[in-house]
Each structure stands twice: as C-alpha cells, then as structure tokens.
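Structural features, examined
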Amino acid sequence: MRKKVIFIVASLHILFLLLNCKEKKVSLGGGIHFDKEEDIHYGNDPEQIMDLYLPHENPSKKRAAFIIIHGGGWRSGDKSQLTFFTLSMMQKFPDHIFANINYRPASTTRYAIPNQMEDIKNAAGFLKKKLHYAPQLILLGNSAGGHLSMMYAYHFDPLKNVKSVINIVGPTDLSDEGFKTYEEYSFVEKHLIDPKILPAGIAVNIFSSPVQWITPNIPPTLSYYGKTDRVIPLSQKRILDSVLNKNNVMNESYEFNGGHLDWDKEPNSIFLMEKIEKFLKRVN
C-alpha cells in the first residue's frame, strides 16, 4: 500500500512538471534532477527533433542513454505521447540520459525505411557529438517504435552501439498471417520500405521483419505484449521469442492484461518498469 501511495504522489509531481514543461530543470523528488532541452534539432528536417534530459549531477560522467521512440503506424504519432512515461523512467533510472525523439513520418511519397533508420542513427550521432563520447544506447519503443528499435538494433547498427532493446507491443514478423489483419497492412506493403534498398528476391514483409535479422550477435531484448491486443497479436511475441531463443540471444518477454494502448496504464506500467530495471541489471 505504501509503495502505491508513493507512486501516486510521484505521478502527481510528474503531472505538475508537465504543466510547467518550459522549465529548463526537471526535479523529480528524492534528490533527482535533470537538465532539459526541449525540441532540439538532431537533423535538418523539421521532424528531426528530440527532448533531451541530462542528469544534473556530475554532468561529465559517462552514462548510458535511452532513445525513446514513439508509435503511430510509422506515419503519425509524436514524442509527447511518451513524455509522461519518460519522466517515470527517469525516476527509475536517474543515472541515465533520456532522448525522447520525433522522426520523419512515412507517407505515400516518403518511405519509412531507410529514412527512420537514418533518424535513429542521426539521433545517436547527435548525442555522441553533444556528450563528447558515444554512450551505450538502449532503444525503447512502443508499437511502430518497438519495430523500429528492433530493426535498427538488429540490422542497421553496424557499429553495435545499441546494447539492449526494450520492445513494447512492436510487430516482429510482418509476414505473419495474424499481423496481416492490421487495418493499415496495405500501407505497410506499399510504403514501409523503399524498393531501392530491397535485395533481389526478398519481399517487403520479409525484409521489414525484425525476426529476419536475428543472429547470435544482436543486443539483448525485453518484450511486452497485451493479451487482448487486436493490433499486434500474441503470435508476434511467440515468433520473436522462438527466434531469439534459437539464436541463444539473451531475452525476456512478458504479457499484460489489456489491449494495444494499455501497456502504460497502471499496474502494467509499474510492472514493466520493474522488469526493465531487473533486465538491465542482468545485461550489465
């Protein structure tokens, strides 16, 4: 009961912070302070912006960094959707850097990949330049953001700067019959991948599936899926688990009670953050 009261008080404090989001310093109680830079550009496109949170104490210390990647079907959404969750994570991981990013949305005239892979790469490059060192990266994304986190870490990160992936309700096998019921599946087939980067003989839904790029050398992965999710079926979790285990990749996966948008609601969000904490300790 005491733990629940503390969390409620902390949540109200975060809500107060959101209402005063123009402040350059974020205080989360318990001596936890972050310096905030809002809507800073990590690229030339107007969509390439991030909210950056740096621990206030000992700013020269080298730290790992979370890159937070929102969902929205690859063509919509905004980093503001994950602001509250990011602040909650900052309470849990006060020694980490947090970059909550926007990326260039896909459209009928702009493909998601490779553009959104380049956005993650540019965000990581921006952090390296600003911090004067290359931080170990933890990619955390939900829905399309979970998919992008896995795709980048598994296939588009040749320098292996990503040390772990937190995948929340992200599609893993786009050729799965269970996923083909997704109402925007035709958009996925036509506009997710630029045909120019497709190797000969490989279909879009194969190339764009994170499970196709799993090898024993990919980063450890934690996944979280809803038992009644009508967008991303549990078959996606089972496929991912199977391929990760087959390749002896360190991984954990959990299910929560609820649908696609219920992962960050209590008690699911509390459970998730506790599992992330234990997982990252295990990784380290």
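Provided above is the structure to which this section pertains.
The following paragraphs examine the structure supplied in this document. (Residues numbered from 1 in each chain as written. Predicted model: local features only at pLDDT ≥ 70, side-chain atom pairs only at ≥ 80, totals over all residues. Heavy atoms only, no water.)

Before going further, it helps to spend a moment on the pattern of salt bridges. One pass over the full model with this rule turns up 17 salt bridges. For E37, the salt bridge is made with K130, and the minimal N-O distance between the two is 3.0 Å. Placement of the pair is E37 in strand β2 (residues 32-41) and K130 in helix α3 (residues 115-131), with a sequence separation of 93 residues. One continuous salt-bridge network, built from bridges that share partners, spans D39, D51 and K79. (Salt bridge = Lys/Arg side-chain N within 4 Å of Asp/Glu carboxyl O. Helix = DSSP H or I, 4+ residues; strand = E, 2+ residues; numbered from the N terminus.)

By size, the foremost hydrophobic cluster in this structure holds 55 residues, and its most contacted members are M50, L52, W74, L127 and Y154. Membership of the second largest hydrophobic core comes to 29 residues, among which are V26, M89, L140 and M273. (Core = buried A, V, L, I, M, F, W, Y, C linked by side-chain atoms within 4.5 Å. Buried < 20%, exposed > 50% of the residue type's maximum accessible area, 1.4 Å probe, protein only.)

Bringing the pairing of strand β1 (residues 25-29) into the picture now. Pairing of β1 with β2, which is carried by 4 bridges, proceeds in the antiparallel orientation. Within β2, the residue paired with V26 across the bridge is F34. (Pairing = 2+ DSSP bridges.)

Moving on, we get to α3. With 17 residues, α3 should reach 24 Å at 1.5 Å per residue; the first-to-last C-alpha distance of 24 Å fits that figure. The set of residues buried in α3 consists of N115, Q116, M117, D119, I120, A123, A124, F126, L127 and L131. (Expected span 1.5 Å × (residues − 1).)

For the rest of this paragraph, the subject is the packing of helix α2 (residues 83-92) against helix α8 (residues 268-283). Helix packing for two helices is described by the angle between their axes and how far apart those axes are. Viewed as axis vectors pointing N to C, α2 and α8 meet at an angle of 45°, and their least axial separation amounts to 11 Å. In terms of orientation, α2 lies oblique with respect to α8. Regarding α2 and α8, the two cross each other, and that crossing is right-handed. From α2, F85, S88, M89 and K92 reach across to α8, where they touch L272, M273, E274, I276 and E277. (Axes fitted to C-alpha atoms, helices over the stretch in contact; angles between N-to-C directions. Parallel < 35°, antiparallel > 145°, perpendicular 65-115°, else oblique. Left-handed = near helix turned anticlockwise from the far one by under 90°. Contact = heavy atoms within 4.5 Å.)

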